[in-house]
Amino acid sequence: MPRGLRGTALPFRYNHLEELEAIVAEHGAELAAIVMEPIRNAEPQPDFLPGVRGIASRLGAVLIVDEVTAGWRLRTGGAHLEYGLTPDMAVFAKGISNGYPLAAIIGTAEVMKAFQSTFISSTYWTERIGPTAGLATLRKHRRLNVADHLCEMGTQIQAGWRAAAARTHLPVTVNGMLPLSHFAFDHPDRQALRTLFTQIMLEKGFLATNALYAAYAHRAHHVQSYLAAVEEAFGEIAEALARGEAAQRLKGPVAHTGFRRLA
Ligand SMILES: Cc1ncc(COP(=O)(O)O)c(C=O)c1O
């Protein structure tokens, strides 16, 4: 990141309207845009999205919704539609073309006019594979109600994790919107346990972490055999914990924790 951009992005947490209000109180007139995901790990609280929309409109700041991950999971057209949020711009990738390289930027006529006074080009600007995959995905997504299927798989997965945790007496918290589900071990060594979970699941033939992003290819019988393996893995982890041997069972280093904001 160029150093010149330092301090130009002022973070606030999802569902914490008061944090956005505090930023507005300090920097109001200087704010060009509010950028956020429409949803990620938690459902929006009733006043949050209308509150953000209201602040953006009042300031004249462009409200940009990042649908790169959330788009196409809850419904065709983006999660902002599901929650009745009208952004000024939205950006899409990933699910929009079922993994083929494609990104899309949409916006109100007013905002998109800005592209007339800039120059956009690239080596692959006439490339057709991404748009073709995008159109095929869009049609199939609508015809087969893919988003409903993802939510149904997510419902089964979340219920299965909770049941397996209860039966093996392992403290586990389940989170995430249904198609993008994940869980955490409620334990000081959660990262070691997460690594051990991956190790045990690999031994059972599943490449698994503490998250499961549902796909249309997933069927109930896949989820059932996966959940049977999860319950065995949870049982083995509970037993290792009871004996104080969880760390010793690891055959390699503890996995990295993932995304972190850089200082
Ligand atoms: C919400 C969200 N936005 C953006 C990105 C990536 O954006 P870029 O392709 O510009 O790195 C990701 C990638 O995982 C994402 O989850």
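Cut-offs and rules
- Residues numbered from 1 in each chain as written.
- Predicted model: local features only at pLDDT ≥ 70, side-chain atom pairs only at ≥ 80, totals over all residues.
- Heavy atoms only, no water.
- Helix = DSSP H or I, 4+ residues; strand = E, 2+ residues; numbered from the N terminus.
- 1 Å grid on protein atoms, 1.4 Å probe; cavity = no way out; pocket = protein on both sides within 12 Å on 5 of 7 lines; lining within 4 Å.
- Points joined across faces, edges and corners; volume = space filled by probe spheres on them.
- Nonpolar A, V, L, I, M, F, W, Y, C, P; charged D, E, K, R; others polar.
- Domains from an automatic or database assignment.
- Contact = heavy atoms within 4.5 Å.
- Buried area = accessible area lost by both parts, 1.4 Å probe.
- Salt bridge = Lys/Arg side-chain N within 4 Å of Asp/Glu carboxyl O.
- Polar contact = N/O pair within 3.5 Å; in protein donor to acceptor, adjacent residues only side chain to side chain.
- Axes fitted to C-alpha atoms, helices over the stretch in contact; angles between N-to-C directions.
- Parallel < 35°, antiparallel > 145°, perpendicular 65-115°, else oblique.
- Left-handed = near helix turned anticlockwise from the far one by under 90°.

(A) Spatial organisation of unusual backbone geometry. Positive phi outside glycine occurs at N98, with the angle close to 55°. Structurally, the position occupied by N98 is in the loop between β3 (89-92) and β4 (104-107). We note that H169 has phi near 55°; this positive angle belongs to a residue other than glycine.

(B) Representation of the layout of surface pockets in the model. When its volume is computed, the second largest pocket comes out at roughly 380 Å³. Contributing to the lining of the second largest pocket are 16 residues, with G95, N98, T137, V146 and Y216 lying nearest its centre. Among the secondary structure elements, those contributing two or more residues to the lining of the second largest pocket are α5 (129-143) and α6 (146-168). Here the element with the most residues in the lining of the second largest pocket is α5; it accounts for four residues. Residues of the lining of the second largest pocket, tallied by class, amount to eight nonpolar, five polar and three charged.

(C) Layout of the domain arrangement of the chain. Along its sequence, the chain is carved into domain 1 (3-143) and domain 2 (146-249). The straight-line distance from the C-alpha centre of domain 1 to that of domain 2 is 31 Å. Across the boundary between the two partners, domain 1 contributes eleven residues, which contact eleven residues of domain 2. Both faces considered, domain 1 and domain 2 share a buried interface measuring about 950 Å² in area, 64% of it formed by carbon and sulfur atoms. Summed over the shared surface of domain 1 and domain 2, the result is zero salt bridges. For the pair domain 1 and domain 2, the number of links is three residue pairs in polar contact (both at pLDDT 80 or more). Residue composition of the side of domain 1 that touches domain 2, grouped by class: four nonpolar, three polar and four charged.

(D) Representation of the packing of helix α7 (residues 190-203) against helix α8 (residues 220-242) within the structure. At a minimum axis distance of 10 Å, the contact between α7 and α8 shows a crossing angle of 130°. The angle between α7 and α8 falls in the class oblique. Between α7 and α8 lies a crossing whose hand is right-handed. Two secondary-structure elements touch here, α7 through L193, L196, F197, I200 and M201 and α8 through Y226, A229, V230, A233, F234, E236, I237 and L241. Along the lines of polarity and charge, the residues of the contact of α7 with α8 split into twelve nonpolar, no polar and one charged.

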